[in-house]
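A structural walkthrough
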Amino acid sequence: QQQVKQSPQSLIVQKGGISIINCAYENTAFDYFPWYQQFPGKGPALLIAIRPDVSEKKEGRFTISFNKSAKQFSLHIMDSQPGDSATYFCAPSGNYQLIWGAGTKLIIKP
Amino acid sequence: GAGVSQSPSNKVTEKGKDVELRCDPISGHTALYWYRQSLGQGLEFLIYFQGNSAPDKSGLPSDRFSAERTGGSVSTLTIQRTQQEDSAVYLCASSSQQVWNSYEQYFGPGTRLTVT
């Protein structure tokens with residue numbers, strides 16, 4: 001199965017707080033786990049991605065945590081800033097086709 | 001270098017008319033994708049081209065939708081006899097897929113289609 005469930009649908013976080021977005025998947029053949037960021041009027045852009053051979057990857061304020069046994073991965077944004085306000089998509093893949101989550105609209109309040 | 005470009009950026013058409021949407025991928029990228037995104041929604045896969053292989057058309061919602069990719073570069077998505085439910089942003093993405101299992105997709109800004 002290809003189903004991907006992303007939560008929450010929307011999230012409001014105070015500036016400086018931690019934003020956490022989750023993605024659950026069913027297909028055990030997935031081996032690439034990216035998060036994309038989309039600003040209004042723009043196409044999505046890759047933010048950070050992880051392979052299943054590691055449990056965590058950090059790039060600046062952004063961290064992916066991966067739990068293979070639970071078939072879940074999450075995006076953590078530390079010290080959230082108003083400029084992080086955007087829609088975030090998980091899009092795991094096992095081949096050329098990314099399977100997109102429904103998106104999480106993140107609003108960072110100043 | 002230049003990113004993925006799409007034209008037009010906005011298109012308003014009357015119900016029943018045909019429209020063509022264009023995508024110029026990043027030079028050298030062999031893979032090209034079309035997606036549809038309705039307001040506030042996720043991405044709906046439409047079609048995938050990879051080199052000279054037969055395209056994956058499994059996401060096209062009806063036979064009114066078609067796409068072609070000429071010379072392995074520019075792609076055109078055509079919607080015939082447009083319907084109001086076709087109103088959405090149509091996104092194009094390209095990918096190099098030169099590195100095994102590297103499927104990062106680079107997106108264009110999209111074409112906002114409004115069918116009146």
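The structure contained in this document is the topic of the report that follows.

Each value, and the rule that gives it
- Residues numbered from 1 in each chain as written.
- Chains lettered and ligands numbered in written order.
- Predicted model: local features only at pLDDT ≥ 70, side-chain atom pairs only at ≥ 80, totals over all residues.
- Heavy atoms only, no water.
- Helix = DSSP H or I, 4+ residues; strand = E, 2+ residues; numbered from the N terminus.
- Rg over C-alpha atoms; globule rule 2.2 N^0.38 Å.
- Contact = heavy atoms within 4.5 Å.
- Areas by Shrake-Rupley, 256 points an atom, 1.4 Å probe, with all protein chains shown as cover.
- Lys, Arg positive; Asp, Glu negative; His and termini not counted.
- Charge placed at Lys NZ, Arg CZ, Asp CG, Glu CD.
- Buried < 20%, exposed > 50% of the residue type's maximum accessible area, 1.4 Å probe, protein only.
- Pairing = 2+ DSSP bridges.
- Axes fitted to C-alpha atoms, helices over the stretch in contact; angles between N-to-C directions.
- Phe/Tyr/Trp six-rings, centres within 6.5 Å; stacked < 30°, edge-to-face > 60°.
- Buried area = accessible area lost by both parts, 1.4 Å probe.
- Salt bridge = Lys/Arg side-chain N within 4 Å of Asp/Glu carboxyl O.
- Polar contact = N/O pair within 3.5 Å; in protein donor to acceptor, adjacent residues only side chain to side chain.
- Disulfide = S-S within 2.5 Å.
- 1 Å grid on protein atoms, 1.4 Å probe; cavity = no way out; pocket = protein on both sides within 12 Å on 5 of 7 lines; lining within 4 Å.
- Points joined across faces, edges and corners; volume = space filled by probe spheres on them.
- Core = buried A, V, L, I, M, F, W, Y, C linked by side-chain atoms within 4.5 Å.

**Notes on the overall build of chain A**
Regarding its fold elements, chain A presents 0 helices and 10 strands. Going from N to C terminus, chain A has its helices and strands arranged as β-β-β-β-β-β-β-β-β-β. Here the C-alpha radius of gyration of chain A, 13 Å, is about what a compact globule of 110 residues would show, namely 13 Å. Partitioning the contacts of chain A with sequence separation of at least 6, the portion at a separation of at least 24 is 52%. For chain A, the accessible area works out to roughly 5,400 Å², and carbon and sulfur atoms hold 50% of it. Distance between charge centres in chain A, computed from 11 positive and 7 negative side chains, equals 7 Å.

**Some thoughts on the pairing of strand β3 (residues 19–24) of chain B**
Residue and element names in this part refer to chain B. Along β3, the buried face is formed by Val19, Leu21 and Cys23; none of Glu20, Arg22 and Asp24, which line the opposite face, is buried. Relative to β3, strand β1 (residues 5–7) is paired through 3 bridges, and the arrangement is antiparallel. Across the sheet, the residue bridging to Ser7 is Arg22, located in β3. Where β3 lies against strand β7 (residues 75–79), 5 bridges are found, and the strand directions are antiparallel. Along β7, the bridge assignment pairs Arg22 with Thr76.

**A word on the sheet that holds strand β5 (residues 45–50) of chain A**
All names here are of chain A. In spatial order, the strands read β2-β10-β9-β4-β5; together these 5 strands make up an open sheet with mixed pairing. Because the sheet does not close on itself, it has two edges, and the strands there are β2 (10–14) and β5. Going across the sheet, the axis of each strand differs from the next one's by a mean of 25°, ignoring polarity.

**Description of the packing of aromatic side chains**
Here the structure, examined in full by the defined rule, presents 16 aromatic pairs over all chains. Their ring planes at 10° and their centres at 6.1 Å tell us that Tyr33 of chain B and Tyr35 of chain B sit as a pair that is stacked. Classification of Tyr33 of chain B by relative accessible area gives buried; the value is 0%. Pairwise contacts between aromatic rings join Tyr36, Phe89, Tyr96 and Trp100 of chain A together with Tyr33, Tyr35, Phe45, Tyr48 and Phe107 of chain B into one cluster.

**What to know about the interface of chain B and chain A**
Every contact between the two is made by 20 residues of chain B and, on the other side, 19 residues of chain A. Between chain B and chain A, the buried area comes to about 1,500 Å², and carbon and sulfur atoms account for 53% of it. Our enumeration of links across chain B and chain A arrives at 0 salt bridges. Where chain B touches chain A, the interface holds 5 residue pairs in polar contact (both at pLDDT 80 or more).

**So, the pattern of salt bridges**
Residue and element names in this part refer to chain B. Under the definition given, this model contains 5 salt bridges over all chains. Ionic pairing is found between Arg36 and Glu44, a salt bridge with its closest N-O pair at 2.9 Å. Arg36 gets classed as buried once you look at its relative accessible area, which sits at 11%.

**Some thoughts on the state of the cysteines**
All names here are of chain B. One pass over the full model with this rule turns up 2 disulfides over all chains. The disulfide partner of Cys23 is Cys92, and the gap between their sulfur atoms is 1.8 Å. As the torsion about the S-S bond is roughly -65°, the Cys23-Cys92 disulfide counts as left-handed. Separated by 69 residues along the polypeptide, Cys23 in strand β3 and Cys92 in strand β8 (residues 88–95) bring together distant segments of the chain. Accessibility classification places Cys23 together with Cys92 in one group, the buried group.

**Side note on the layout of surface pockets**
Size it by volume and the largest pocket reaches roughly 690 Å³. Put simply, the parts of the chain that give the lining of the largest pocket at least two residues each are β9 (86–90) and β10 (104–109) of chain A together with β8 and β10 (111–115) of chain B. For the lining of the largest pocket, the leading source of residues is β10 of chain A, giving 4 residues.

**Thoughts on the nonpolar core**
The biggest cluster of nonpolar side chains holds 23 residues, and the ones touching the most others in it are Trp35, Phe73, Leu75 and Tyr88 of chain A. Elements with a contribution of two residues or more to this core: β3 (19–25), β4 (33–38), β5, β7 (62–67), β8 (72–77), β9 and β10 of chain A. Apart from residues no more than four positions distant in its own chain, Tyr88 of chain A is found in contact with Gln6, Ile21, Tyr36, Gln37, Leu47, Leu75, Ile77, Gly103, Thr104 and Leu106 of chain A. With 20 residues, the next largest nonpolar core counts Trp34, Ile47, Ile79 and Leu113 of chain B among its residues.

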